[in-house]
Amino acid sequence: MKVNVSCVQMEPAMYRVDENISKMEGYIDTVMIEHPETDLIIFPELITSGYECNEEFHALAEVVPYGKSMKRIGVRAKKYGVHVIYGFPEQDSILSDVLYNSSVFIDNNGNVLGVYRKVHLFGNEKTYFRSGCEYTLINSSIGKIGMMICYDTSFPEVARTYALRGADLLVISTNWEKPYEADWDLVARARAIDNIIYIAAANRVGFDTTLGFFGRSKIIGPLGEPIRELNEEKEGYISAPLDYELPLKLKSGYYTIFKDRKPDTYSMVCEKY
């Protein structure tokens, strides 16, 4: 299977959900006009709200699948027949005081196909969000898609879990901040070659209250080589075609890491530190 993927690198306006959704709609229009073959468009983490919203996250959060962003982005997805993944603050549908740092997968018919709740919360996120407890592998018409958010990328176990479950592509929505550009470049590329898998990662730009964000969105091949990158600290998008047959060929040739694994020797990996 071959798919065409685009990653949008944009700056959200803090607290202004409607404005951010409109900006996302504009990028979907642009991508689909300039690259009508696109199958999947990826936006950064918490793109509907901004990152440092703190107590205001409660007012900005949405319930799946009824949130305004899901309805509006769903209309665009259906119009163009494209899948869309983006980050947003999620309110639990039953426990209204519980929030998650989540990303949603909207399919090419405009429907919510799945939601991933960030498992590895970072820093101050732990004050406002509850950690997710499972890794959402989406079975879609464009393959099996593993969803990750930001700090999850630092944990090899996350990407490996998805790979062992048969993921074709790992998607990362992130708000990786300055001055950790080198860390971001390293872990994103490492997770690809660790698992001989494609990675598509959208990071934001701009500045919130205390944090600045550098972009460096990237689409990475299964050997860790960047296929496309947007390394400038500016808004825009990148696009690339992916051939899911390539990782299969690589794993049946020189890169036999899955055949050569020794799970019986890895017990310490799952022990508490």
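Everything quoted here is computed from the prediction, not taken from an experiment.

(A) Structural view of helix H1 (residues 17-34). With 18 residues, H1 should reach 26 Å at 1.5 Å per residue; the first-to-last C-alpha distance of 26 Å fits that figure. Within the span of H1, buried status applies to Val 17, Asn 20, Ile 21, Met 24, Glu 25, Tyr 27, Ile 28, Asp 29, Val 31 and Met 32. The elements touched by buried residues of H1 are strand S1 (2-9), strand S2 (40-42), helix H2 (57-60), helix H3 (68-80), strand S3 (83-91) and strand S14 (236-243).

(B) Representation of the sheet that holds strand S8 (residues 169-174). Reading across the sheet, the six strands line up as S6-S7-S8-S9-S12-S13 and stay open at both edges, with mixed pairing between neighbours. Edge positions in the sheet fall to strand S6 (137-140) and strand S13 (226-230), since each has one partner strand and no second. Going across the sheet, the axis of each strand differs from the next one's by a mean of 15°, ignoring polarity. Sheet analysis places strand S9 (residues 198-203) next to strand S12 (residues 217-220), joined by three bridges and oriented antiparallel. In the sheet register, Ile 199 faces S12, and the bridge partner there is Ile 220. The strands touched by helix H5 (residues 156-164) within the sheet are S6, strand S7 (143-149) and S8, with S7 carrying the most contacts at an inclination of about 165°.

(C) A look at the side chain of Thr 136. Summarising the element assignment, Thr 136 is placed in the loop between helix H4 (125-128) and S6. The buried category is assigned to Thr 136, whose relative accessible area is 14%. A polar side-chain atom of Thr 136 sits 3.0 Å from the main-chain carbonyl oxygen of Val 115. Setting aside residues no more than four positions away along its own chain, Thr 136 makes contact with Val 115, Tyr 116, Ile 145, Gly 146, Met 147 and Tyr 162.

(D) Layout of the pairing of S14. Of all eight residues in S14, six are buried, a share of seventy percent or more. One ladder, built from eight bridges, connects S1 with S14; its direction is antiparallel. For Val 8, the partnering residue across the bridge sits in S14 and is Tyr 237.

(E) Local environment of the nonpolar core. One finds Tyr 162 and Leu 169 to be the most contacted residues of the largest nonpolar core, which totals 44 residues. Looking at which element gives the most residues to this core, the answer is S9, with five residues. Leave out the neighbours within four places in its chain, and Leu 169 touches Val 5, Leu 40, Lys 144, Ile 145, Gly 146, Ile 197, Tyr 198, Ile 199, Ala 200, Leu 242 and Tyr 244. Ranked by size, the runner-up nonpolar core spans 34 residues in total, among them Met 32, Ile 47, Tyr 51 and Tyr 237.

(F) Seen up close, unusual backbone geometry. Here Val 64 and Pro 65 are connected by a cis peptide whose omega angle stands at 5°. In this fold, Pro 65 is placed in the loop between H2 and H3. The linkage connecting Lys 178 with the following residue, Pro 179, adopts the cis geometry, with an omega of 0°. Considering the arrangement of structural elements, one finds Pro 179 in the loop between S8 and helix H6 (181-195). Phi at Arg 216 takes a positive value of approximately 60°, unusual for a residue other than glycine. Within the secondary structure, Arg 216 is located in the loop between strand S11 (212-214) and S12.

Criteria and cut-off values
- Residues numbered from 1 in each chain as written.
- Predicted model: local features only at pLDDT ≥ 70, side-chain atom pairs only at ≥ 80, totals over all residues.
- Heavy atoms only, no water.
- Helix = DSSP H or I, 4+ residues; strand = E, 2+ residues; numbered from the N terminus.
- Expected span 1.5 Å × (residues − 1).
- Buried < 20%, exposed > 50% of the residue type's maximum accessible area, 1.4 Å probe, protein only.
- Contact = heavy atoms within 4.5 Å.
- Pairing = 2+ DSSP bridges.
- Axes fitted to C-alpha atoms, helices over the stretch in contact; angles between N-to-C directions.
- Polar contact = N/O pair within 3.5 Å; in protein donor to acceptor, adjacent residues only side chain to side chain.
- Core = buried A, V, L, I, M, F, W, Y, C linked by side-chain atoms within 4.5 Å.

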